[in-house]
Amino acid sequence: SCKNCKASHHEAFSVSPIPRHNTLSSLWQFRLNLSEQLVKKSLRILTIALLALVISACSDNQSDPKTFAKAYVTETLNGDIEQVIAWTYTSPEFLQKHHLSADGMKEQMRQAGKVMREQTEKNQGLDSVTVNDIVYSDGKTKARAFITIKTKNGESRNDEIPLIQIDGKWRAGE
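Residues numbered from 1 in each chain as written. Predicted model: local features only at pLDDT ≥ 70, side-chain atom pairs only at ≥ 80, totals over all residues. Heavy atoms only, no water.

Caption draft 1: Structural context of the side chain of Thr88. Within the secondary structure, Thr88 sits in strand E1 (residues 88-89). On the basis of relative accessibility, which here comes to 18%, the residue Thr88 falls in the buried class. Engagement of the side chain of Thr88 in a polar contact is seen with the backbone oxygen of Val84, the distance being 2.7 Å. In contact with Thr88, not counting residues within four places along its chain, are Tyr72, Met109 and Ala172. (Helix = DSSP H or I, 4+ residues; strand = E, 2+ residues; numbered from the N terminus. Buried < 20%, exposed > 50% of the residue type's maximum accessible area, 1.4 Å probe, protein only. Polar contact = N/O pair within 3.5 Å; in protein donor to acceptor, adjacent residues only side chain to side chain. Contact = heavy atoms within 4.5 Å.)

Now the structure itself:
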């Protein structure tokens, strides 16, 4: 029951009730609660929208080999190594040839990613990744991406990444 009017009208509401008494502080508190609830709801909606955008951007990165190769290298040198691991395909034959388990391969990728990031930081960070060419094989389900990586101190190196298309999405690996 309400301490001001001894009624139980507040209990029927799941959100802050409209005050039944005409005190300025009660009205002000109601407006603050309502504003807080609107802000929280807006933030939840914005968060969900941004998450959907990030997920769709990541999946779009995998539909084109050139876009994927650039995103893969950028993520390797600047971003989330766990995402890089998720974007990497390691065939059972590759693992067997190199006497690795899937977990062992992931750990080697984490260590290599750390070393590559440290090297990039020593060169004042990543400036650009350019995909110079994509060369397809096996009916366009496999490719090699030829790239140039430039750091902010002017260092530049060429590299290539093997790519494979699995279920319509490009991944690094063979």
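Caption draft 2: Spotlight on the nonpolar core. Judged by nonpolar contacts, the single largest core of 25 residues is most densely connected at Phe68, Tyr72, Val73, Ala145, Ile147, Ile161 and Leu163. Considering each element in turn, this core owes the most residues, 6 residues, to helix H2 (residues 65-78). (Core = buried A, V, L, I, M, F, W, Y, C linked by side-chain atoms within 4.5 Å.)

Caption draft 3: Geometry of H2. With 14 residues, H2 extends 20 Å from end C-alpha to end C-alpha; this agrees with the ideal 20 Å at 1.5 Å per step. For H2, every residue scored as buried is listed here: Pro65, Phe68, Ala69, Ala71, Tyr72, Val73, Thr76 and Leu77. (Expected span 1.5 Å × (residues − 1).)

Caption draft 4: Just the packing of aromatic side chains, in detail. In total, this model carries 3 aromatic pairs according to the counting rule given. On the numbers, 5.6 Å between centres and 40° between planes, the contact of Phe68 with Tyr72 is tilted. In this pair, Phe68 and Tyr72 are both assigned in helix H2, 4 residues apart and thus about one turn of the helix distant. Under the relative-accessibility criterion, Phe68 is labelled buried at 0%. (Phe/Tyr/Trp six-rings, centres within 6.5 Å; stacked < 30°, edge-to-face > 60°.)

Caption draft 5: Examining helix H5 (residues 102-122) more closely. With 21 residues, H5 ought to run about 30 Å at 1.5 Å a step, and its terminal C-alpha atoms sit 30 Å apart, in line with that. For H5, the complete set of buried residues consists of Met105, Met109, Gly113, Arg117 and Thr120. End-on view of H5: buried residues confined to an arc of 105°, all on one side of the axis. The exposed residues of H5 that point more than 90 degrees off its buried face are Asp103, Lys114, Val115 and Lys122. Looking at the packing, one finds that the buried side of H5 touches H2, helix H3 (81-86), E1, helix H4 (92-97) and strand E2 (126-137). Two residues or fewer after H5 comes Gln124, characterised by a positive phi angle close to 70°. (Arc of directions from axis to C-beta.)

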